[in-house]
Amino acid sequence: YLPAADRHGLVLDFTRGIERKQQLAAQIAELYADPNVADAGQATRAARADLAALEMEQARQQPVVEAILQEQAAVILQEMGLAAGGAAVPPVAFHLSDLPLAVVVSPRSVIRQDANVQIDPDLPLDEQVRVESSIEAAYDVSALVVGLGGIGTYPTMVAESSALPWVLEVVAHEWTHNYLTLRPLGLMYDVSPELRTMNETAASLMGKEVGRRVLERYYPELIPAEPAVPVVSAEGARAHEPLPPPPPAFDFRMEMRETRVTVDGLLEQGQ
């Protein structure tokens, strides 16, 4: 029942709090890692106190912020025709959470996910490397420990982030997985790599579209600005040579496709 302006301000204040928490955590970790700091506990006392107070405030705000974002996403989904009886089905429900890491295992001769096992999110980096190395040595496979952005439980789990556009995208992405669970594409998620790819692709496209529409409706100031086009008068155009065309923009999808095709070619050669 908060007014729209209060909702907007609370969500943005919450994301700024997350950013501050990340800064404090990084500051504390840096002091503990510095061999020149004799007493890291004393050196980080103030920062740890600030972090604890901020975490308490964030815990108080989080349920309200989650409810606001859930409702905003649901409004967009309803407008897109994905509602029954005036509500999105299933209802949008998520929690910002610490997510586990995942060990992804693939054969060395082909790009294929043969296993995806969740592990402790607090596992130190050296232990992550040890897990990868031990699996690779034991089974002659390729193993990689990766972070997760979200998990399609219900309510879904979304990684805490100060980047609100990313959070909105993941909320919609994971909701789509739940939506598809009630349909053949979701029920057959693990039947084949192709069906899993189709499911994830659909969720990714949906996440981007819904996330963008929520931003446009409720947080337009967070939409990236379009590049400015220089204005040149007629006199200026006659007096100067034409400007060289700008370099082509980086195309992530094209570069990833080229990378994949190249890797597949190397694998076919036994490399």
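That block above? That's the structure.
Keep in mind it's a predicted model, so treat the numbers as computed, not measured.

(A) Seen up close, the overall build of the chain. Looking only at helices and strands, the chain has 9 helices and 8 strands in total. For 271 residues, the compact-globule formula gives about 18 Å, and the C-alpha radius of gyration of the chain, at 23 Å, lies well above that figure. Taken over 271 residues, the chain has a buried fraction of 32%. Put simply, 62% of the contacts in the chain that link residues at least 6 apart link residues at least 24 apart. Carbon together with sulfur atoms contributes 59% to the accessible area of the chain, which is approximately 17400 Å² in total. If you average the places of the 20 positive and of the 38 negative side-chain charges in the chain, the two averages end up 4 Å apart.

(B) Spatial organisation of the nonpolar core. One finds L69, L77, W175 and Y219 to be the most contacted residues of the largest nonpolar core, which totals 32 residues. A total of 9 residues in this core trace back to one element, the largest contributor, which is helix α5 (residues 164-181). With residues up to four places along the chain from it excluded, the contact list for Y219 reads H8, V11, L12, I68, L69, Q72, L164, L168 and V214. With 6 residues, the next largest nonpolar core counts L101, V105, V141 and V145 among its residues.

(C) Geometry of the pairing of strand β4 (residues 101-107). Here β4 lies mainly inside the structure; 6 of its 7 residues are buried. One ladder, built from 5 bridges, connects β4 with strand β5 (residues 115-119); its direction is antiparallel. Pairing of V104 across the sheet is with N116, part of β5. For β4 and strand β6 (residues 141-147), the ladder comprises 7 bridges, and the chain directions are antiparallel. Looking at the pairing, V105 lines up with A143 of β6.

(D) Structural view of the pairing of strand β8 (residues 156-159). Note: strand β3 (residues 94-97) against β8, 4 bridges, orientation parallel. Of the residues in β8, the one forming a bridge with H95 is M157. Strand direction decides the pairing type here: strand β7 (residues 150-151) and β8, joined by 2 bridges, are antiparallel. Of the residues in β8, the one forming a bridge with G150 is V158. Count of turn residues in the β7/β8 antiparallel hairpin: 4 residues.

Cut-off values and rules
Residues numbered from 1 in each chain as written. Predicted model: local features only at pLDDT ≥ 70, side-chain atom pairs only at ≥ 80, totals over all residues. Heavy atoms only, no water. Helix = DSSP H or I, 4+ residues; strand = E, 2+ residues; numbered from the N terminus. Rg over C-alpha atoms; globule rule 2.2 N^0.38 Å. Buried < 20%, exposed > 50% of the residue type's maximum accessible area, 1.4 Å probe, protein only. Contact = heavy atoms within 4.5 Å. Areas by Shrake-Rupley, 256 points an atom, 1.4 Å probe, with all protein chains shown as cover. Lys, Arg positive; Asp, Glu negative; His and termini not counted. Charge placed at Lys NZ, Arg CZ, Asp CG, Glu CD. Core = buried A, V, L, I, M, F, W, Y, C linked by side-chain atoms within 4.5 Å. Pairing = 2+ DSSP bridges.

These values are about where atoms sit, not about what they do.
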